[in-house]
Each structure stands twice: as structure tokens, then as C-alpha cells.
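Survey of secondary and tertiary structure
Given next are the chains, with one letter for each unit.
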Protein chains: 2
Amino acid sequence: MEKTHNSQIPTKSSHKNEKEPEIITDKNQMRKWSRAMRSQGKTIGLVPTMGYLHEGHISLIKEAHKHTNLIVVSIYVNPGQFSPTEDLSTYPSDFDGDIQKLMAVPVGVDVVFHPYNLYDYGNSGVGGDGEVEKKGAVSCVEERGLGHETWVRVEWLEKGMCGKSRPVFFRGVATVVTKLFNIVEPDVALFGKKDYQQWRIIQRMVRDLDFSVEVIGSDIVRENDGLAMSSRNVHLSTEERKKALSINRSLSRAKFAAEKGQVNSGELRNMIIQEINEAGGRIDYAEIVDQETLEAVEEIKSPVVFCIAAWFGKVRLIDNMEINI
Amino acid sequence: MEKTHNSQIPTKSSHKNEKEPEIITDKNQMRKWSRAMRSQGKTIGLVPTMGYLHEGHISLIKEAHKHTNLIVVSIYVNPGQFSPTEDLSTYPSDFDGDIQKLMAVPVGVDVVFHPYNLYDYGNSGVGGDGEVEKKGAVSCVEERGLGHETWVRVEWLEKGMCGKSRPVFFRGVATVVTKLFNIVEPDVALFGKKDYQQWRIIQRMVRDLDFSVEVIGSDIVRENDGLAMSSRNVHLSTEERKKALSINRSLSRAKFAAEKGQVNSGELRNMIIQEINEAGGRIDYAEIVDQETLEAVEEIKSPVVFCIAAWFGKVRLIDNMEINI
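Quick look at the structure, then. Model, not experiment: these values are computed from the prediction.

What counts, and at which threshold
Residues numbered from 1 in each chain as written. Chains lettered and ligands numbered in written order. Predicted model: local features only at pLDDT ≥ 70, side-chain atom pairs only at ≥ 80, totals over all residues. Heavy atoms only, no water. Least-squares fit on C-alpha atoms with pLDDT ≥ 70 in both. Contact = heavy atoms within 4.5 Å. Pairing = 2+ DSSP bridges. Helix = DSSP H or I, 4+ residues; strand = E, 2+ residues; numbered from the N terminus. Axes fitted to C-alpha atoms, helices over the stretch in contact; angles between N-to-C directions. Buried area = accessible area lost by both parts, 1.4 Å probe. Salt bridge = Lys/Arg side-chain N within 4 Å of Asp/Glu carboxyl O.

A few words on the relation of the copies chain A and chain B. Both copies of the chain are related through a single rotation about an axis accompanied by a shift along the same axis. Taken as rigid bodies, chain A and chain B are interconverted by a rotation of 180° and an axial shift of 0.0 Å, the fit giving an RMSD of 0.0 Å. Taken together, the rotation and translation describe the operation of a two-fold axis. Considering only C-alpha atoms, the residue of chain A closest to the rotation axis is Val152 of chain A, which sits at 2.3 Å. By residue overlap, the copies meet face to face through one surface: 100% of the interface positions of chain A are interface positions in chain B.

Here you go:
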């Protein structure tokens, strides 16, 4: 795509054949681009991210290329999914680095959608200009007046696992994804299965609200040592990171045990919890649930997924492993 | 629009120049029609209804013609907005009569979208085949499993007035309108200001979720005697109907008083409540609220709306009047 040089785009390592993505910050301009492309018969894939991109994100982009002609990557740290006590202010970001990484992806990406504030409606409400930055999370705000107050709830799936310790999280995720779908109007959207509950919630939301978007879940990408890739990994100390390997290790052991015939969820959970505790992690939850309904299972008789959240120091990590028995 | 004759369409009074709407029951076919029209540069107006059409609905269609090339009228009694104790099973319907009325509208309508069950996703969940009919309202169901569980909440606006006595109502309305927007993909959607709170909720939802739909509120249409048109009026006995005229009469008097300088909401409310009570109505609520935020006002200093819900026999009626001071 031809475009003029944009000063936001770093140039230090630009090689030939790298595709420079168009950077769009305005939502109306974003929708206009999508509609222009669709009128030319093109299909659009959306990879929603909060930036600080790693190989997991890149794998989503590569997967997206298999399904659509054009790729939009959104980079937006969504205040709507953080509670006031969570790590919105310390969530890592590196926009220039992200653009470099996207330019290095084979075939590249067409647009980076990078809005400033998706809760600013140009009035004096709580989502107004700059308010999100001042107030931090908007997710717990239920003030009267003209502020943002519409939330999409996937009422049962949002309650368990991550929803227990992060009660506004999935409400914020489902809402911002709805907004992104309405702005970008993609044909396909890609989500990482590392955020398993999130992926299932978005799938259910798309079905229940009749969105015309195909949701594709993409496999977890791991570091060489087995740690699931996450933007939050950067906050781990060397020692914490070593301890955190207990997550993947315990999941793999439990999977092996299940495949060898141990179908009692309680036994398998204890195995996982013990290993992570002994490594110095603090379990938030360790659950064995049905892959689609996310209901806890006592005895494994059908496809399940082992889901874990655990703290290492001040960093909360999640991971999971599907068992297809 | 050329089409073959459809046996669902009554023919007894078909005059020349009447446009026969295409009847679409399948959501994928509906979206396909909209996209085909859009690719020809046409714009689409949606008038969502629950059928049993009256002059109020027809006025919405006429208004829609001012804004778009093509008109879709949806006829769907949404179980998602009724609680189990409400009047879903007795809600009046007359599909053939509705089609006759639509054929008599000048310029006519292009499509009637008449789905059987928008909560049937072809699985064994609670929204499954026939389940809605058997169970009645789906709105209070929060079962696990594969049923419908995604709801759009406009969290503050949904709480007051009609939301107090009908706690799941606006959740159901916002959700089915989201579904209709995603299926029909209209450019413009028309809502009657008789359902004032509903209209404001949909406007807010469209803003907060970045729907690319212009929401237009259309003025209340009244019978010759002043009663606001409603599909539920058919359930009123002759005597109840006479009593129900107290709603419009009291609203008009309060408006007159406000325009003459009575700006105390308490006094105005008492005037309304007394008149309706004396006529034999039972007040559900009578509130004077800001036109946009729907917050109650003590003293009228800016545009407000008087909103009333009252029972006459077994029929609950709503009405309102804007005061632009």
C-alpha cells in the first residue's frame, strides 16, 4: 500500500521488502478504510492486541494471513478491562518496537489501528478527553451522566477462573472487542488460546450477538524453555522466571498422567498445585474444565482443558493445556 | 422488487401500486440481502417492531423513507425482554394483518425480517430448537451449558423508570437490537419516542459500542382522543380505555403548568399522580427527568421529559411528554 512517510514509524532497520503498515488512530477513518477494501472484494482479518508484541502475536498474524487478504492489528491498552487495583499503569508498551516487529513479519500487516481513547465520546462524561488517563481504569465507573456505561456480559462464562479474581475483566474484554468489531468490521478475528477463557467468551459472544465475524483460536506459543509467551513476562526477575517454568512443567505432567489413565480431576489438580507451590508460585486457580462450557469436571471423559493462574512475585501468569481424551 | 408470490402473503385486498415486501426468515439470508444492496450503493433503514402494527409503526416507516433508499421492518416478539411473569404469551400478533398494513404504506417497505427464534443456535442449549416456546422468556435464564448467555447492559440508564418494575427488560431490548443491527446491518434505525427510555438506551448503546448506525427517535403518534398508540391498547376494555385518557390529559396539564412557570417537579408530579389515580389508574411511576441522562430533576431548568407508566386493569401503559424550557 502506497503512503507517505509517517514520523511515528521508526526507520532505523527498514529493509527492502518490508511492508510499512498504515497507522490509523481515528475510528471513523478505520471503518472507512475497511469499507473501501470490502467494496473491492477484499477480506479483512483483525488481530486485537494491547501491544508489546511478542512471537505469540506474530503467530496470530501469520495465522490470519491464511484466512484473509488484509490484516489489521489493533494496538490498544484497554482501560475497560482493568480494575483500579490492577496493573494498567505498569502495563508494558513499546509502540515503535511493535511497528518494527510488524514490519519484519513475512507478507506484513496492512493497518495498525492505534486509537488514543476508545471511551472518549467528545463530551463531559467520565470517558471524556484525557479522563481515562487521569482516572485509570474505567471499568468500575458506573457514574450517572454522559459517560460510557454500556457493557457486554457473557454472564456465565465470565464468572469462573480469571473472572473470580478479576470481576470486571471479561466485561471489559467483551466490550472492547465489540467496539473493535464495529469499528474495523473484520471478516475474521484471531485470538490466542493462551487466554483460553477469553477466546471461549469471544466465541460465545459472537454467536449470541450474531456478529458476522469468524473467531479463530490460535495455539499457545512458548519460549524455548516452555514458558508461555506473555507481555507480562518482562516483569519477571531471572529467579521468578525460573520458578514460573513450574507451570508448563506441571501441566505437561498432568497431561501425561491423564493420557496414561488418571482421569480423576482432584488427583490431577493436586499434582499441579503441589508442583507450582513447591517451586515458590502462589496459585490463583488450577481448574480442569470442559473445553466449551468451561464447567469443572470431576472425572475426565471428554475433551477438557487444564487452566492455571499463578503469581510469581508481583506477576500473575496464566497458562493452559488441552487434553483431548 | 420482483419476486415470486409467497403463500404467506395475504392477497385479499391487494391493489395496484402496492409493494409486496420480501419476507425473510433466515438471518444469513437477511444479511446477504443487506450486503447485496449496500454493494449497489443503497442505504438501509431498519424499523424494529414486535408486530401488531399500528399508526405509530407506520409513522416510523414514513420517517425512515426520509433517510434511506430501502426499508427493512423486523417483526419479532423478543422473548429476551419479558420476565417469566410478564405478558409474552398474550402479546398480540397478526402477521397477515401486519403485511396488509405494510403494503398500504406509500412507497412501501422492501423487506420484512420475521425470524422464528433468534436465540436458537442449533445446539442443545436453553435457546435450542423450540425451547423458547416451551420455556417462555429466556431473559432470566442463566444456566450453564450452551444456551444464550450474552447480554448488553446500559448499566445506569437501564435502572430507573421502566427498569425498576421490569428489571430484565432493557437488557433484553439492548441485546436483541444488537443482534438485529448485526444481522440487518442498517445505516439508520428508527425508534418511537413513546418508549422514551428505550430510545435513549439504544442511542447510548450505539455510541458506547461504536455501532455505525444512526438512531432516530420519532414523535409519539396518538389516537384521536389522545391515547398514545400501543399494541397493548387492544387489551383495554371500553371503560379502561376511557380511564386511560387521564394519562395524556394529566401530561398536557402538567406541561401547560410548567410552561406557565411551575418548575417544581414535586408539584407537577403530584398533579399528574392525582389525576390518574382519580381516574382509576394505578401509577407504576411518574417521573420528571433530564431528556438525555434520565436523571430525576427537582426543579426544571433545562429540557426534561415527563414519563409515566400506569396500570388500567391488567394493562400497563406508558406515555411521556417532552418539555423544552
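There is more to say after this.
Glancing now at the sheet that holds strand β9 (residues 304-312) of chain A. Residue and element names in this part refer to chain A. Spatial strand order, β8-β9-β10: three strands in an open sheet with antiparallel pairing. Looking at strand neighbours, the two that pair on one side only are β8 (282-290) and β10 (315-323), the edges of this open sheet. Strand-to-strand twist in this sheet, taken as the mean axis angle between neighbours without regard to direction, amounts to 10°. In this structure, β9 lies alongside β10, joined through nine bridges in antiparallel fashion. For Val304, the partnering residue across the bridge sits in β10 and is Ile323. Strand contacts of helix α8 (residues 238-259): β9 and β10, with the helix running at about 20° to β10, the strand carrying the most contacts. Relative to the sheet, helix α9 (residues 265-279) contacts β8 and β9, its axis offset from that of β8 by approximately 155°.

In this section: the interface of chain A and chain B. Note: interface size is frequently given as the accessible area lost on complex formation between the parts. With 41 residues of chain A at the contact, the number on the chain B side is 41 residues. The junction of chain A with chain B conceals about 3600 Å² of combined surface from both sides, 45% of it contributed by carbon and sulfur atoms. Looking at the side of chain A facing chain B, the largest losses of area belong to Glu149, Glu155 and Asp210 of chain A, adding up to 19% of the total buried there. There are 10 salt bridges connecting chain A and chain B. Among the salt bridges present, the one from Arg153 of chain A reaches Glu155 of chain B, with a minimum N-O distance of 3.6 Å.

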